[in-house]
Amino acid sequence: MRKFALLATAFALLPLAQAQEPAAAAPAEEAVAIDWAHWQAGNEIGNTASLQRGARNFMGYCAGCHSLKYNRYSRVAEDLKINDGQLSEYLLPAGSRKADYIITSLAYEDGEAWFGKAPPDLSLITRSKGSDYVYQFLKTFYADPATPTGVNNLALPGTAMPHVLSDLQGVQRGVFRTVESKGASGEITRSEEFVNFDNPVPGQLTAAQYDEFVRDTVNFLDYAGEPYKAKRIDLGIWVTLFLLVFTGLAYLLKKEYWRDVK
Ligand code: HEC
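Okay, so let's go over this structure. None of the values given here were measured: they were computed from a predicted structure.

What follows deals with a nonpolar patch on the surface. A cluster of nonpolar residues, I237, W238, L241, L244, V245, L249, Y251 and L252, forms a patch on the protein surface that exposes about 900 Å² of accessible area. Along the chain, the position of L241 falls in helix 10 (residues 228-261). Since its relative accessible area comes to 42%, L241 is described here as partly exposed.

Along the chain, D144 turns up in the loop between strand 3 (141-143) and strand 4 (151-153). Relative accessible area serves as the criterion here: at 16%, D144 is assigned to the buried category. Placed 29 residues apart in sequence, D144 and R173 show a C-alpha to C-alpha distance of 8.1 Å. Ignoring any residue separated from it by four or fewer positions in sequence, one finds D144 in contact with G150, V151 and N152.

Surrounding the ligand, one finds 20 residues, the nearest of these being C62, C65, H66, Y133 and M161. In the model, an oxygen atom of the ligand is placed 3.1 Å from a nitrogen or oxygen of the T159 side chain. Within the contact set of the ligand, an oxygen atom lies 2.8 Å away from a backbone nitrogen or oxygen of A160. Cavity membership is defined here by more than half of the atoms lying within 2 Å of grid points; on that basis the ligand lies in the largest pocket. Secondary structure elements with two or more residues in the shell around the ligand: helix 6 (125-129) and helix 7 (131-139). By residue class, the composition of the shell around the ligand is 16 nonpolar, 2 polar and 2 charged.

The subject of this paragraph is the coordination of the iron atom of the ligand. In the first shell of the iron atom of the ligand, the protein supplies H66 (NE2) and M161 (SD), at 2.0 to 2.1 Å from the metal. Considering all 6 donor atoms around the iron atom of the ligand, the spread of angles at the metal, 87 to 178°, places the coordination shape in the octahedral class. One end of the pair, H66, is in the loop between helix 2 (48-61) and strand 1 (68-72); the other, M161, is in the loop between strand 4 and helix 8 (166-169), with 95 residues separating them in the sequence.

A full pass over the atoms with the stated rule returns 10 salt bridges. In this structure, the salt-bridge partner of K139 is D211, at a minimum N-O distance of 2.6 Å. One end of the pair, K139, is in helix 7; the other, D211, is in helix 9 (residues 207-225), with 72 residues separating them in the sequence. Since its relative accessible area comes to 13%, K139 is described here as buried. R259 is the partner of E256 in a salt bridge, and the nearest nitrogen-oxygen pair spans 3.1 Å. Of this pair, E256 and R259 both sit in helix 10, 3 residues apart, roughly one helical turn. Owing to a relative accessible area of 55%, R259 belongs among the exposed residues under this scheme.

What counts, and at which threshold
Counting of residues starts from 1 at the beginning of each chain's written sequence and follows it residue by residue. Where totals are concerned, whole chains, interfaces and linings use all residues; where local detail is concerned, this predicted model gives features only for residues with pLDDT of at least 70, and gives and counts side-chain atom pairs only at 80 or more. The side-chain quantities take in all heavy atoms of the structure and omit both hydrogens and water. Put simply, a patch holds well-exposed residues, over 30% relative accessible area, that have no salt bridge, with like charges counted together within 9 Å and Val, Leu, Ile, Met, Phe, Trp or Tyr side chains within 5 Å. Residue-level accessible areas treat just the shown protein chains as cover; the underlying method is Shrake-Rupley with a 1.4 Å probe. Any carboxyl oxygen of Asp or Glu within 4 Å of a side-chain nitrogen of Lys or Arg constitutes a salt bridge here. Every helix listed is a DSSP run of H or I at least four residues long, and every strand listed is a run of E at least two residues long, numbered separately from the N terminus. Between buried and exposed lies partly exposed: a residue is buried under 20% and exposed over 50% of the maximum accessible area for its type, with that area taken using a 1.4 Å probe on protein chains only. Two residues qualify as a contact provided that any one of their heavy atoms is within 4.5 Å of a heavy atom in the partner residue. Whether a residue is near a molecule or strand is decided by its heavy atoms; if any one of them lies within 4 Å of it, the residue is near. Pairing of N or O atoms within 3.5 Å defines a polar contact, subject to two protein rules: one partner must be a possible hydrogen donor and the other a possible acceptor, and residues neighboring in sequence count only if both atoms are side-chain atoms. Cavities and pockets are defined on a 1 Å grid built over the protein atoms alone: a cavity is a set of grid points where a 1.4 Å probe fits but cannot escape, while a pocket is an open set with protein on both sides within 12 Å along at least five of seven lines, and lining residues are those with an atom within 4 Å of any such point. More than half of a molecule's atoms lying within 2 Å of a cavity's or pocket's grid points is what places that molecule inside it. Residues are grouped as follows: nonpolar covers Ala, Val, Leu, Ile, Met, Phe, Trp, Tyr, Cys and Pro; charged covers Asp, Glu, Lys and Arg; every other residue, Gly included, is treated as polar. Here the coordinating atoms are restricted to nitrogen, oxygen and sulfur within 2.8 Å of the metal centre, or 3.2 Å for Na, K and Ca, and because water is not among them the sites may look incomplete. Square planar and octahedral assignments, for four and six donors respectively, both demand that opposite donors be over 155 degrees apart and that all other angles lie between 65 and 115; tetrahedral needs four donors with all angles between 85 and 135 degrees, and anything else is irregular.

Okay, here's the thing in structure tokens:
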């Protein structure tokens, strides 16, 4: 019995002993790099409030340069449960009609001349590059005096797009470190490796609010690329419910039929 008590105490103390073992010391100067390439948008296409906010964000901050040439305002309003009053107040640009496609007023040639590259139509961007990519793109602008726009981007290095959300996010600075690697013949090559951001110029939004802003915007682009997706998820719930009820009914019916046979 004594032995058992001793053993039990020993086991109880085991975690303590382990906890006291010194943690493997990480080299102090090796800061852990932010894994931005694995950031996930985490947007929900069934979240209508988020889609509405995303539509407002898009019209306010993106439609000046980008089109959604396969989407009509009226269809967006219908899908996102935006009424006529809200549509004309918040979304419809002056001079546009409900039935119009969402086309930017920026002419292709002007875009090319001003940015060196015309802003692409964004109807299918989340389908071609993924919603996580667009999320990463909008979050990884950083100051770079060497570019014409004054900013660069981790997801699309050398991008021609200015940081149009800098009022909201602020302008973050990229912190890089030089890594040296030895080639096969012993020559040393140096390259810049991204570590993290610091944000000396804060914007109007907190980091969490900015994430939310970007998530909503990406959600709207996700919807725009496949307007049926939101409906399909809606419908899926009803189909499942119907099948459940139907199974119940079929079972009752079967019992009813077989009662006389047995
Ligand atoms: C002032 C004009 C302008 C505005 C406003 C603007 N963009 Fe852009 N955008 C561009 C240009 C120019 C490019 C082309 C960049 C390139 O290919 O380097 C671009 C490219 C993109 C791309 C494609 C990136 C790729 O990998 O090809 C995405 C996504 C994008 N913009 C999203 C947005 C979103 C979302 C907004 C609104 C928050 C927005 N843009 C607002 C000018 C603009």
